[in-house]
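# Tertiary structure, described
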Number of protein chains: 2
Amino acid sequence: MEKFTLEDVAKLAGVHRSTVSRVINDSPNVSPEVRKRVQKVIHSTGYQPNAAARSLASQRSYMIGLVLPRSVSSFFTDPFFPHLTQGIAFGCNNNNLSLSLFLAGNREDEEKILPRIARRGFLDGVLIQSGRPDEFLIDRLTKSNIPSVIIGRPFLSDGLSFIDIDNVNGAIKATQHLLDLGYKRIATITGNHDSTVTVDRLEGYKKALKAVGREFDPDMVAEGDFSEASGYQAVKTLLPRKPDAIVAQSDIMAVGAIRAMQEVGLRIPDDVAIIGFDDIPVARQLKVQLTTIKQPITRFGIKAVELLIDLIENGTKPARRIILDTELVIRDSCGAKKIREHV
Amino acid sequence: MEKFTLEDVAKLAGVHRSTVSRVINDSPNVSPEVRKRVQKVIHSTGYQPNAAARSLASQRSYMIGLVLPRSVSSFFTDPFFPHLTQGIAFGCNNNNLSLSLFLAGNREDEEKILPRIARRGFLDGVLIQSGRPDEFLIDRLTKSNIPSVIIGRPFLSDGLSFIDIDNVNGAIKATQHLLDLGYKRIATITGNHDSTVTVDRLEGYKKALKAVGREFDPDMVAEGDFSEASGYQAVKTLLPRKPDAIVAQSDIMAVGAIRAMQEVGLRIPDDVAIIGFDDIPVARQLKVQLTTIKQPITRFGIKAVELLIDLIENGTKPARRIILDTELVIRDSCGAKKIREHV
DNA sequence: GATGCAATTGAGAGCGCTCTCACGAGTGTG
DNA sequence: CACACTCGTGAGAGCGCTCTCAATTGCATC
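All values reported here derive from a predicted model rather than from experimental measurement.

## Looking at the nonpolar core
- Counting 143 residues, the largest nonpolar core has Leu-127 and Ile-274 of chain A together with Leu-127 and Ile-274 of chain B as its most contacted members.
- When residues of this core are assigned to their parent elements, the largest contribution, 9 residues, is made by helix H13 (residues 297-314) of chain B.
- Residue contacts for Leu-127 of chain B: discarding those within four places in its chain leaves Ile-64, Gly-65, Leu-66, Val-67, Ile-88, Val-149, Ile-151, Ala-304, Val-305 and Leu-308 of chain B.
- Judged by nonpolar contacts, the second largest core, of 40 residues, contains Phe-102 and Leu-114 of chain A together with Ala-104 and Ile-113 of chain B.

## A closer look at the protein's contact with DNA strand D
- Taken together, 29 residues surround DNA strand D, and among them Arg-22 and Val-34 of chain A together with Arg-17, Ser-21 and Tyr-47 of chain B come closest.
- Within 4 Å of the protein, the contacting atoms of DNA strand D are 54% sugar and phosphate, with bases supplying the remainder.
- Arg-17 of chain A places a side-chain nitrogen or oxygen 3.3 Å from a base nitrogen of DNA strand D.
- Measuring from a phosphate oxygen of DNA strand D, one finds a side-chain N or O atom of Ser-21 of chain B at 2.6 Å.
- For the surface near DNA strand D, the secondary structure elements donating two or more residues are helix H2 (17-24) and helix H4 (51-58) of chain A together with helix H2 (17-24) and helix H4 (51-58) of chain B.
- For the surface near DNA strand D, the per-class residue count stands at 10 nonpolar, 12 polar and 7 charged.

## Some remarks on a nonpolar patch on the surface
- On the surface, Phe-155, Leu-156 and Val-199 of chain A cluster together into a nonpolar patch covering about 260 Å² of accessible area.
- Relative to the assigned elements, Phe-155 of chain A resides in the loop between strand S4 (148-151) and strand S5 (161-165).

## Section: the relation of the copies chain A and chain B
- Of the two same-sequence chains, chain A is brought onto chain B (RMSD 0.1 Å, axial shift 0.1 Å) by a rotation of 180°. Accordingly, the operation relating the two chain copies is best matched by a two-fold axis. Closest to the rotation axis within chain A is the C-alpha of Ser-100 of chain A, separated from it by 2.0 Å.
- A shared interface surface links the copies, since 98% of the contact residues of chain A are contact residues in chain B too.

## Considerations on the environment of Val-15 of chain B
- For Val-15 of chain B, the position within the fold is in the loop between helix H1 (6-13) and H2.
- The contacts of Val-15 of chain B, once residues within four sequence positions are left out, are Ala-10, Val-20, Val-34, Arg-37 and Val-38 of chain B.

## Regarding the side chain of Arg-60 of chain A
All names here are of chain A.
- Relative to the helices and strands, Arg-60 resides in the loop between H4 and strand S1 (63-68).
- At 3.0 Å, the side chain of Arg-60 forms a polar contact with the side chain of Asp-124.
- Setting aside residues no more than four positions away along its own chain, Arg-60 makes contact with Arg-54, Ser-55, Asp-124, Ile-312 and Glu-313.

## Re unusual backbone geometry
- Note that the residue after Ile-268 of chain A, namely Pro-269 of chain A, is joined by a cis bond; omega there is 5°.
- As for its position among the elements, Pro-269 of chain A is in the loop between helix H11 (251-263) and strand S9 (273-278).
- With an omega of -10°, the peptide bond running from Lys-317 of chain B to Pro-318 of chain B counts as cis.
- Tracing the chain through its elements places Pro-318 of chain B in the loop between H13 and strand S11 (321-324).

## Observations concerning the domain arrangement of chain A
All names here are of chain A.
- As assigned here, chain A comprises domain 1 (6-49), domain 2 (63-166 + 297-325) and domain 3 (167-295).
- The C-alpha-based centres of domain 2 and domain 3 are spaced at 28 Å.
- Counting residues at the interface gives 16 residues for domain 2, matched by 20 residues for domain 3.
- Summed over both partners, the interface of domain 2 with domain 3 comes to about 1,500 Å²; 51% of that surface belongs to carbon and sulfur atoms.
- It is Arg-153, Ile-165 and Asp-166 in domain 2 that bury the most area against domain 3; as a group they hold 32% of the surface buried on that side.
- Summed over the shared surface of domain 2 and domain 3, the number is 1 salt bridge.
- Ionic pairing is found between Arg-153 and Asp-200, a salt bridge with its closest N-O pair at 2.7 Å.
- If you look at where domain 2 meets domain 3, you find 8 residue pairs in polar contact (both at pLDDT 80 or more).
- For the side of domain 2 that touches domain 3, the secondary-structure elements that each account for two or more residues are helix H5 (80-94) and S5.

## Description of the packing of aromatic side chains
Residues and elements named next belong to chain A.
- In the structure shown here, the tally under the stated rule is 8 aromatic pairs over all chains.
- A ring pair is formed by Phe-80 and Phe-81, whose centres lie 5.4 Å apart and whose planes are at 80°; its orientation type is edge-to-face.
- Its relative accessible area of 10% is what places Phe-80 among the buried residues.
- When its relative accessible area of 9% is taken as the criterion, Phe-81 is described as buried.
- Between Arg-107 and the ring centre of Phe-136, over which it is positioned, the NZ or CZ distance is 4.0 Å.
- When the ring centre of Phe-277 is taken as reference, the NZ or CZ atom of Arg-201 above it lies at 3.7 Å.

## Details of the pattern of salt bridges
- In this structure the tally under the stated criterion is 24 salt bridges over all chains.
- Salt-bridge contacts for Asp-310 of chain A lead to Arg-320 of chain A; the nearest nitrogen and oxygen are separated by 2.8 Å. Separated by 10 residues along the polypeptide, Asp-310 of chain A in helix H13 (residues 297-314) and Arg-320 of chain A in the loop between H13 and strand S11 (321-324) bring together distant segments of the chain.
- Ionic pairing is found between Glu-111 of chain B and Arg-107 of chain B, a salt bridge with its closest N-O pair at 3.3 Å. Placement of the pair is Glu-111 of chain B and Arg-107 of chain B together in helix H6 (residues 107-118), with a separation of 4 residues, close to one helical turn.
- Taking relative accessible area as the criterion, Arg-107 of chain B reaches 38% and is therefore assigned partly exposed.
- Members of the salt-bridge network, linked through shared partners, are Arg-60, Asp-124 and Glu-313 of chain A.

## Remarks on the protein's contact with DNA strand C
- Inspection of the region around DNA strand C gives 29 residues, with Arg-17, Ser-21 and Tyr-47 of chain A together with Arg-22 and Val-34 of chain B positioned closest.
- Near the protein, meaning within 4 Å, the atoms of DNA strand C are sugar or phosphate in a fraction of 54%, with bases accounting for the rest.
- Residue Asn-25 of chain A places a side-chain N or O atom 3.2 Å away from a phosphate oxygen belonging to DNA strand C.
- When the residues that make up the surface near DNA strand C are grouped by side-chain class, the tally is 10 nonpolar, 12 polar and 7 charged.

## A word on the interface of chain A and chain B
- If you look at the interface, chain A gives 52 residues, while chain B gives 51 residues.
- Taken over both partners, the interface formed by chain A and chain B buries close to 4,800 Å², and the fraction arising from carbon and sulfur atoms is 53%.
- Viewed at the interface, chain B and chain A are joined by 0 salt bridges.
- Inspection of the region where chain A meets chain B yields 20 residue pairs in polar contact (both at pLDDT 80 or more).

Quick notes on the rules
Residues numbered from 1 in each chain as written. Chains lettered and ligands numbered in written order. Predicted model: local features only at pLDDT ≥ 70, side-chain atom pairs only at ≥ 80, totals over all residues. Heavy atoms only, no water. Core = buried A, V, L, I, M, F, W, Y, C linked by side-chain atoms within 4.5 Å. Buried < 20%, exposed > 50% of the residue type's maximum accessible area, 1.4 Å probe, protein only. Helix = DSSP H or I, 4+ residues; strand = E, 2+ residues; numbered from the N terminus. Contact = heavy atoms within 4.5 Å. Near = heavy atom within 4 Å. Polar contact = N/O pair within 3.5 Å; in protein donor to acceptor, adjacent residues only side chain to side chain. Nonpolar A, V, L, I, M, F, W, Y, C, P; charged D, E, K, R; others polar. Patch = residues over 30% accessible without salt bridge, like charges linked within 9 Å, V, L, I, M, F, W, Y side chains within 5 Å. Areas by Shrake-Rupley, 256 points an atom, 1.4 Å probe, with all protein chains shown as cover. Salt bridge = Lys/Arg side-chain N within 4 Å of Asp/Glu carboxyl O. Least-squares fit on C-alpha atoms with pLDDT ≥ 70 in both. Domains from an automatic or database assignment. Buried area = accessible area lost by both parts, 1.4 Å probe. Phe/Tyr/Trp six-rings, centres within 6.5 Å; stacked < 30°, edge-to-face > 60°. Lys NZ or Arg CZ within 6 Å of the ring centre and 35° of its normal.

In structure tokens:
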């Protein structure tokens, strides 16, 4: 098992190293008998080509990186990220790629990580979670010419390839749903303002209101940070404004919001309706199941990997963009299933 | 920027490739002036050694793998895993290692992943999350001679190196705390029974009861699966037995349990006390802050990486074990801070 | 001034693959 | 039967590093 190389396989099969290489990379130019003989040896010996040698010779590592800048601290508070990571891992498994994970806790980490990521001969490409407006890692990595796909629209998307879900439209659907049900005082809990996700979902919220001639009221907006605790806090701010419905920009913030409302004895959806965003499992597990905007999280991850492969194989120019659709999932937290006598 | 190699740096610095290599790997035998000159060139050109070439020549990849078998589906329902992953990532950053992530969704994934992990020249070692009793991946990987550290005591730990927290003792502390406060009918919500975590924590619970001469009552045990929903369900089973306190084997199950109890109007800790396990952030964010057994999650991850490095550098024999201590964190969910007139 | 020794540098043989090129055998064509 | 052409295989030159060994130098020693 120790140090078993191509050469050894070749000897056992009575052919030249080159031929074994051809079999492994299923090149067409090998006669059926020889191919069979070589495959038999490979199988019986459990031979696996040396990854480093292969990378060096072929200039391909078949490994991609997933980079989470320090700004993505919600990796640990929002189940969205583990799910996304899972989707990406699936995409990698399906395409015989390996996935390398880079988590930066602080600026120092980012500095330390950067040269490792950009090192030639290491990664074929990277997926970078978009972050704040001036994202150090995105800036550096995209400049380093390594094929990169940004997960989520970056603030400056010029010339960059990215994949995102249609946040604007998703928020429109959510707000529209509440409007259709006759709610009048629709508040919203946003993520942190320095995220395009927040910006886009807020824009959708505004657009939906405008579409029915409703005035946008800044007082009906509370800023959170995509954590459960921030949803809880946001409700404290919002309650004095007497909303009858809330658009939460993430399910996990909706969970926090519900907790806060239940504490003061408000019933959902009777007193206040609430709609989330993401459709993570917890949405289904609440006592009052959460109506939400479903993101195709797993598909999102898989598509991201496929887009990156496209860039790796066919060049990064021109920049490509993929926007995935969302879906309104109606459960119980907005009262759509009851007959509403409102309006 | 394209194809800039050691040789190019050498030419610019007017020395031989070997010398540049020495500077990069800070070998002592380089004169100060030359070292300075070479470093200047490296800096000004932004040179980074080719990872594949280096791995091939040195037989070290400076990359380790984190393997999550399909049985670890709670990666997505329990925040414990993202935190652990973070700890591991920190450990890697501190030691200039890269981290490769392998998530298996099903058996097919595991088969597909295995040869990639075991490929020579790819990983220096692997961290494997322990799983079910007959874990396919653990079995295969440890047999393949790649240095491996199991995260969490495996069922069959013979000859394997692993790291775990002291689950038995942690559960003793938890149960003891409730006993000390005078609770009489202490129930417990466990994880899935085919996990050593569950087994160990249940054992601690039993031991603590026995230590004070209390009989163990199987009816006071409800099996969950470390998910919030299972904690919720478990309470439904447990309530008819009228417990006055509950040891939940994870915070997230405690959250579910609390939700269930609040729904039927039980107050915490006045009607039922509850203690969790893990000390994830949510424990602090609940209205009634959760008393819990704190795991040093980040340190756990860092230590795991260090143990693996030890195995890589000094050989895997004899097998090494690290058991980390837990800590009782007293908050409000057990009533310890009020003066109890019970007993 | 011959000798020994440490410090510094250069030379070059790998590491285990891929991939182009050359070669020989087999096939078809006029 | 000479020719071109395809197909399968072998040869061997890299890929960009590391690391051992040899060569060179400077300096102390006797």
